[in-house]
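Structural overview for review
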Amino acid sequence: MLKLKKNVILILAAALVLCQAGCTLPFMKGQKNDEDVSFDYTGKYEMDTLIFEGDGHLTEIAVDDYSSANFQYDDLEQYIKNSVDQFNLKESSKKIAFLQYTDDNGIIKSAIRYSNVDAYNKFNNFESEFSLYDAEKINEKYSSGEMYVVATFTDATGGDALSTDINQPGLMMYMTDEAINFKVDGGKILYVKNGTFSDDGSVITSGRDRAIIVFSLGY
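Remember, predicted model here, so these are calculated numbers, not experimental data. (Residues numbered from 1 in each chain as written. Predicted model: local features only at pLDDT ≥ 70, side-chain atom pairs only at ≥ 80, totals over all residues. Heavy atoms only, no water.)

1. Comments concerning the packing of aromatic side chains
Applied cut-off: Here is the rule: rings of Phe, Tyr and Trp (six-membered ring for Trp) pair when centre to centre is within 6.5 Å. Planes less than 30 degrees apart are stacked, more than 60 are edge-to-face, and the remainder are tilted. Strands here are runs of E lasting at least two residues and helices are runs of H or I lasting at least four, both read from the DSSP assignment and numbered beginning at the N terminus. To sort residues, take the accessible area from a 1.4 Å probe on protein chains only and compare it with the maximum for the residue type: under 20% means buried, over 50% means exposed, and anything in between is partly exposed.
On inspection of all chains with the given rule, the structure shows 11 aromatic pairs. For the pair Phe52 and Phe130, a centre-to-centre distance of 5.0 Å together with 20° between the ring planes defines the contact as stacked. Of this pair, Phe52 sits in strand β1 (residues 49–52) while Phe130 sits in strand β5 (residues 129–132), and the two are 78 residues apart along the sequence. The pair Phe52 / Phe130 is uniform in exposure class, with both members buried. On the numbers, 5.2 Å between centres and 55° between planes, the contact of Phe52 with Phe215 is tilted. A residue pair is termed long-range when its members are at least 10 positions apart, and Phe52 in strand β1 and Phe215 in strand β13 (residues 211–217) qualify at 163 residues. Just as Phe52 is buried, Phe215 falls in that class too. Through a chain of ring-to-ring contacts, three or more aromatic side chains come together here, namely Phe52, Phe130, Tyr174, Phe182 and Phe215.

And the structure:
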């Protein structure tokens, strides 16, 4: 039974990776959808946050302070909506969805959902990467010539873990150069390189070095 469960986790994880390469995933049964205008997507977030959802979608919460701005930004919401529409038209598919926009005395928050990391990268001109956890791929990134480097991660307790010692089946990794608060909905972040854990289990990256976040899914 344990072996079967591990195989199921690996199959589901591999399916998510394939979908991240470009397919459009349907919303999960019972999940909040694009038409749920009453749901407050942005309220509790105070910084830019990227949420990896259990079905492979990504939800981006952008937080900007325009309270001391000396220019008008009244048309910002419409600009975001138009940008989303133009992107989907160019892709000939609904790859991203506008969810919410709020203005609280100049603190602007917006929420956009992406079908996969490819859509997220294209829309924002980023080079983030999502894949199954691969210690060898990570170590090669930090190695040079004959000098082979084994990458060191930090776990949620503040302890160190070598990349080669992380061997739980079905783990995912997310790599990014962006300063972001990364959260997994329906899973758990286990390790991070070039980032710090928050009290709520999310990870904050600085954007100064490429961060690698290793997480499990709650299947």
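The structure having been displayed, the exposition proceeds.
2. Quick word on the confidence of the model for the protein
This is how the line gets drawn: Scored from 0 to 100, pLDDT reflects the predictor's confidence in each residue. Note on definitions: a residue-residue contact is assigned when non-hydrogen atoms from the two residues lie within 4.5 Å.
Overall, the prediction assigns the protein a mean pLDDT of 84, with 83% of residues at 70 or greater. Every residue in residues 1–18 is under pLDDT 50, and counting partners more than four places away or in other chains gives 24 contacts.

3. Overview of the pattern of salt bridges
Defined as follows: When a carboxyl oxygen of Asp or Glu is within 4 Å of a side-chain nitrogen of Lys or Arg, the pair counts as a salt bridge.
A complete count under the given rule lists 8 salt bridges for this structure. Between Glu46 and Lys109 there is a salt bridge; the shortest N-O distance is 3.7 Å. Residue Glu46 is found in the loop between α1 (2–20) and β1, and its partner Lys109 is found in strand β4 (residues 107–114); the two are separated by 63 residues along the sequence. In this structure, Lys122 engages Glu91 in a salt bridge whose closest nitrogen and oxygen atoms are separated by 3.7 Å. Taken together, the residues span a long stretch of sequence, with Lys122 in helix α3 (residues 117–124) and Glu91 in helix α2 (residues 76–91) at a distance of 31 residues. The class of Lys122 is partly exposed, set by a relative accessible area of 45%. Since its relative accessible area comes to 22%, Glu91 is described here as partly exposed. Each of Glu91, Lys95, Asp118 and Lys122 takes part in a single network of salt bridges with overlapping partners.

4. A few points about the sheet that holds strand β7 (residues 160–162)
Counted only if it meets this: Should DSSP find at least two bridges between two strands, the strands are taken to pair. Between the N-to-C directions of two axes lies an angle of 0 to 180 degrees, each axis being a line fitted to C-alpha atoms and, for a helix, fitted only over the stretch in contact.
Strand order in the open sheet formed by 6 strands is β5-β8-β13-β10-β6-β7, and the pairing between neighbours is antiparallel. A single partner strand is all that each edge strand has here, and the edge strands are β5 and β7. Strand after strand, the sheet turns through a mean of 30° between neighbouring axes, direction not considered. Bridging between β5 and strand β8 (residues 172–176) involves 4 bridges; their strand directions are antiparallel. When the sheet's bridge partners are listed, Leu132 is paired in β8 with Met172. Lying on the sheet, helix α4 (residues 135–142) is in contact with β5, β6 (152–155), β8, β10 (187–193) and β13; it crosses β8 at an angle near 25°.

5. Some remarks on the packing of α2 against α3
Operational definition: In what follows, roughly perpendicular refers to angles from 65 to 115 degrees, roughly parallel to angles under 35, roughly antiparallel to angles over 145, and oblique to any angle outside these ranges. The handedness criterion is simple: a crossing whose near helix is rotated anticlockwise from the far helix by less than a right angle is left-handed, and one whose near helix is rotated clockwise is right-handed. When residue character is reported, Ala, Val, Leu, Ile, Met, Phe, Trp, Tyr, Cys and Pro are called nonpolar, Asp, Glu, Lys and Arg charged, and the others, Gly included, polar.
It is the contact of α2 with α3, at a shortest axis distance of 11 Å, that shows an interaxial angle of 120°. One finds that α2 runs oblique with respect to α3. Relative to α3, the crossing made by α2 is right-handed. Judged by residue contacts, Ser83, Val84, Phe87 and Glu91 of α2 engage Ala119, Lys122 and Phe123 from α3. Taken together, the residues of the contact of α2 with α3 sort by class into 4 nonpolar, 1 polar and 2 charged.

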